[in-house]
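A closer look at the structure
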Amino acid sequence: MKKEYSYKENIMWFEEKQIVFSERITEIIEFEKYLVIKNKYSNKNPTNNLAVFDFDGNKIWGIDDITKPLTNQTVVSIGKKDSRHISIITFTGLNLLVEVESGRIVDEKITK
């Protein structure tokens, strides 16, 4: 699979496809078929600052998709657990282990 992408500030390019985010990209974690992209959170855009894309630039899921019906979440930390899972910690104290491909929550804890 071709894994070509680049980014600057709040813009991400997948070959010819361009995606503009409302805030600056602060972290990218690469998986075999997907990129997990975390954006800066601010007072203007405080929530929904994490999304997963494939290498064609298609959005697979976002933090707001997997945490419904809870209120919108602000992601403060992410980490690659293994080749299939990512750890996500939100401002409200949710500590999630998520399958990257599906967005399925495998484990959930409260850390505050």
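Our structure is the block above this text.
Structural notes, computed from the coordinates. The structure displayed is predicted, hence computed values, not measured ones.

**Observations concerning the sheet that holds strand β8 (residues 75–80)**
- Taken in spatial order, the four strands make up an open sheet running β8-β9-β10-β11, and their pairing is antiparallel. Whereas interior strands pair on both sides, the edge strands pair on one side only; in this sheet they are β8 and β11 (105–110). The average undirected angle you get between the axes of adjacent strands in this sheet is 15 degrees.
- Bridge count for strand β10 (residues 94–99) against β11 is five bridges, and the pairing is antiparallel. Of the residues in β11, the one forming a bridge with L97 is D107.

**Topic: the environment of V36**
- Following the sequence through the fold, V36 ends up in strand β5 (residues 34–39).
- Under the relative-accessibility criterion, V36 is labelled buried at 0%.
- Separated by 14 residues in the primary sequence, V36 and L50 place their C-alpha atoms 7.2 Å from one another.
- Once residues lying within four places of it in the same chain are set aside, the contact partners of V36 are E27, I28, I29, F31, L50, A51, V52, I78, I86 and V100.

**Examining the pattern of salt bridges**
- Here the structure, examined in full by the defined rule, presents four salt bridges.
- A salt bridge links E99 to R84; its shortest N-O distance comes to 2.5 Å. Pair noted here: E99 is in strand β10 and R84 is in the loop between β8 and β9 (85–90), with a separation of 15 residues, a long-range link.
- You can call R84 partly exposed: its relative accessible area is 46%.
- Counted as one network, the salt bridges with shared partners bring together R84, E99 and R104.

**What about the environment of Q73?**
- Assignment of secondary structure puts Q73 in the loop between α1 (63–66) and β8.
- The exposure class of Q73 is buried, given its relative accessible area of 3%.
- Q73 sits 25 residues away from N48 along the chain, and the two C-alpha atoms are 5.8 Å apart.
- In contact with Q73, other than residues within four places in its own chain, are T47, N48, N49, I63, T67, T90, T92 and L94.
- In this structure the side chain of Q73 is engaged in a polar contact, spanning 3.1 Å, whose partner is the side chain of T90.

**Section: the nonpolar core**
- Formed by 17 residues in total, the largest nonpolar core has its most connected members in V36, L50, I78, I86 and I88.
- Of all elements in the fold, only β5, β6 (50–54), α1, β8, β9 and β10 reach the threshold of two or more residues within this core.
- Setting aside its immediate chain neighbours within four residues, I78 contacts E27, I29, V36, K38, L50, I86, S87 and I88.
- M12, F21, I37 and A51 belong to the second-largest nonpolar core, a separate cluster that totals ten residues.

**A few points about a nonpolar patch on the surface**
- A cluster of nonpolar side chains, contributed by Y41, V76 and F91, occupies part of the molecular surface with about 280 Å² of accessible area.
- Relative to the helices and strands, Y41 resides in the loop between β5 and β6.
- What makes Y41 partly exposed here is its relative accessible area of 38%.

Basis of the calculations
Residues numbered from 1 in each chain as written. Predicted model: local features only at pLDDT ≥ 70, side-chain atom pairs only at ≥ 80, totals over all residues. Heavy atoms only, no water. Pairing = 2+ DSSP bridges. Helix = DSSP H or I, 4+ residues; strand = E, 2+ residues; numbered from the N terminus. Axes fitted to C-alpha atoms, helices over the stretch in contact; angles between N-to-C directions. Buried < 20%, exposed > 50% of the residue type's maximum accessible area, 1.4 Å probe, protein only. Contact = heavy atoms within 4.5 Å. Salt bridge = Lys/Arg side-chain N within 4 Å of Asp/Glu carboxyl O. Polar contact = N/O pair within 3.5 Å; in protein donor to acceptor, adjacent residues only side chain to side chain. Core = buried A, V, L, I, M, F, W, Y, C linked by side-chain atoms within 4.5 Å. Patch = residues over 30% accessible without salt bridge, like charges linked within 9 Å, V, L, I, M, F, W, Y side chains within 5 Å. Areas by Shrake-Rupley, 256 points an atom, 1.4 Å probe, with all protein chains shown as cover.

Bear in mind that shape data such as this cannot, by itself, settle questions of function.
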